[in-house]
Amino acid sequence: MGIPFPDINPYETLGVETNATPIDIKKKYKKLCLKYHPDKIQQQQPSNTTVDQDQFAKIQFSFSILNDPNKRKRYDNTGSLAEFDVDDEGFDWKDYFESINEEITVEMIEEDKLKYQNSQEERHDIISNFIYYDGDFLKLFELIPHLEFTESEEQRVYKIIEEELPKSDVESHVIKSWEKYTKSRKTKVKQMLKRLAKEAKQAKELEAMLNNKKKTNGGDLKSIIKSRQANRLDNLISSLESKYGDKRGKKRSVKDIDDDEFERIQNDLLKRRK
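The structure presented is a predicted model; accordingly, all values stated were derived computationally and were not measured. (Residues numbered from 1 in each chain as written. Predicted model: local features only at pLDDT ≥ 70, side-chain atom pairs only at ≥ 80, totals over all residues. Heavy atoms only, no water.)

Asker: Before we move on, could you go through the overall build of the protein and cite the residues and values that matter?
Answerer: Looking only at helices and strands, one finds 15 helices and 0 strands in the protein. For the protein, the residues scored as buried account for 32% of the 274 residues in total. Restricting to contacts in the protein with at least 6 residues of sequence separation, those with at least 24 account for 66%. Of the accessible surface of the protein, which amounts to about 19,000 Å², a share of 49% is contributed by carbon and sulfur atoms. (Helix = DSSP H or I, 4+ residues; strand = E, 2+ residues; numbered from the N terminus. Buried < 20%, exposed > 50% of the residue type's maximum accessible area, 1.4 Å probe, protein only. Contact = heavy atoms within 4.5 Å. Areas by Shrake-Rupley, 256 points an atom, 1.4 Å probe, with all protein chains shown as cover.)

Asker: Can you break down the packing of helix α11 (residues 151-164) against helix α12 (residues 172-183) residue by residue, with the values?
Answerer: Packing of α11 against α12 leaves a shortest axis separation of 13 Å and a crossing angle of 145°. The handedness of the crossing between α11 and α12 is left-handed. Residues Glu154, Tyr158, Ile161 and Glu162 of α11 lie in contact with α12, whose contacting residues are Trp178, Tyr181 and Thr182. (Axes fitted to C-alpha atoms, helices over the stretch in contact; angles between N-to-C directions. Left-handed = near helix turned anticlockwise from the far one by under 90°.)

Asker: Give me the lowdown on the packing of aromatic side chains, citing residues and values where you can.
Answerer: Throughout the structure, instances matching the rule amount to 11 aromatic pairs. Between Phe137 and Phe141, the aromatic rings sit 5.8 Å apart at their centres with planes inclined by 65°, giving edge-to-face as the arrangement. With relative accessibility at 1%, the residue Phe137 sits in the buried group. You can call Phe141 buried: its relative accessible area is 12%. Each member of the aromatic cluster is reached from another via a ring pair, and the members are Phe130, Phe137, Phe141, Phe149, Tyr158, Trp178 and Tyr181. Positioned above the aromatic ring of Tyr158 is the side chain of Arg185, whose terminal nitrogen or guanidinium carbon lies 3.6 Å from the ring centre. (Phe/Tyr/Trp six-rings, centres within 6.5 Å; stacked < 30°, edge-to-face > 60°. Lys NZ or Arg CZ within 6 Å of the ring centre and 35° of its normal.)

Asker: Summarise the pattern of salt bridges; cite the residues concerned and give the values.
Answerer: Under the defined criterion, the tally for this structure stands at 12 salt bridges. Notably, a salt bridge pairs Glu163 with Arg123, separated by 2.2 Å at the nearest N-O pair. Taken together, the positions of Glu163 in helix α11 and Arg123 in helix α9 (residues 120-132) put the pair 40 residues apart, joining distant regions of the chain. One salt-bridge network, in which partners are shared between bridges, spans Arg123, Glu163, Glu164 and Lys167. (Salt bridge = Lys/Arg side-chain N within 4 Å of Asp/Glu carboxyl O.)

Asker: Give me the lowdown on the environment of Phe63, citing residues and values where you can.
Answerer: Note that Phe63 resides in helix α4 (residues 55-66). In this structure, the C-alpha to C-alpha distance between Phe63 and Pro10, residues 53 residues apart in sequence, is 7.2 Å. Setting aside chain neighbours within four positions, we find Phe63 in contact with Leu14, Ile25, Lys26 and Tyr29.

Asker: Summarise the packing of helix α2 (residues 22-36) against α4; cite the residues concerned and give the values.
Answerer: Two numbers describe how α2 lies on α4: the axes approach to 10 Å, and their chain directions differ by 165°. By the criterion of interaxial angle, the relationship of α2 to α4 is roughly antiparallel. Of the two possible hands of crossing, α2 and α4 adopt the one that is left-handed. Listed contacts from α4 to Ile25, Lys26, Tyr29, Leu32, Cys33 and Tyr36 of α2 are Gln55, Phe56, Ile59, Gln60, Phe63 and Leu66. Counted by class, the contact of α2 with α4 contains 9 nonpolar, 2 polar and 1 charged residues. (Parallel < 35°, antiparallel > 145°, perpendicular 65-115°, else oblique. Nonpolar A, V, L, I, M, F, W, Y, C, P; charged D, E, K, R; others polar.)

Asker: Lay out the nonpolar core with the relevant residues and their values.
Answerer: Residues Phe130, Phe137, Leu140, Val157 and Ile161 are the most contacted members of the largest nonpolar core, which totals 21 residues. When residues of this core are traced back to their parent elements, those giving at least two are α9, α10 (140-143), α11, α12 and α13 (185-215). Leu140 has contacts with Ile126, Asn129, Phe130, Leu147, Val157 and Ile161, leaving out every residue within four places of it along the chain. Residues Ile8, Tyr11, Ala57 and Leu66 belong to the second largest nonpolar core, which totals 19 residues. (Core = buried A, V, L, I, M, F, W, Y, C linked by side-chain atoms within 4.5 Å.)

Asker: Tell me about the environment of Lys31, residues and numbers included.
Answerer: Within the element layout of this structure, Lys31 appears in helix α2. Owing to a relative accessible area of 16%, Lys31 belongs among the buried residues under this scheme. Expressed as a C-alpha distance, the spacing of Lys31 and Pro145, which sit 114 residues apart in the sequence, is 6.1 Å. Excluding anything up to four places from it in sequence, Lys31 contacts Tyr116, Glu121, Asp125 and Pro145.

As structure tokens, then:
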């Protein structure tokens, strides 16, 4: 198998500077692994179609480049991954990625979450990313490991920014962004919660539909189709009678009308339209 992602920039994928130390690279790599592990994504974002399904593999591959001094130096000199094919010939990247999936378990993710949340490290990550992304408060919930948007988590992160921002040396536009969010905070929180609730509902409905399809046999499927056809016919008759019929008359169901009667109604309506 050849090189899996020849066009990516490993520094950009890991979100580190080109002069990042090996320790910084490893720390960022660990955070990204925990955030984008397939099991974690499946649990947290079942309806999120914007997440790159190959992101976890790209993180592994980027780290394999930057964690190796020789490979990193070669990439720094050439700015390309094209010639890595030569050295990696015969290496099965698919097996490598699958082995990584097995090594990082959900239990490890939960354990890391307990250690990370409310730690000084998380606090530092929150304020530094807030400043780096020009005061974009909601973006923190996309960047910070283990951070999911809920009312309580929004309040917790808001308090951290509120306490740390006055201690930090920030530009005026970051302060303005913070003030803007503070003024519209209630509205922003409601909008975000509403959007997440809608996504969760859609995901649940999709899951139920897929499960029903698996359970439905041929006979059940035929019944469903007949039922839908009957409903469409009933709606058609109701619509036609509402438009052309006697509004004082009692609404009739499709069950009360046989084929001859239905044909008679159609012909009568066609004559009226002429």
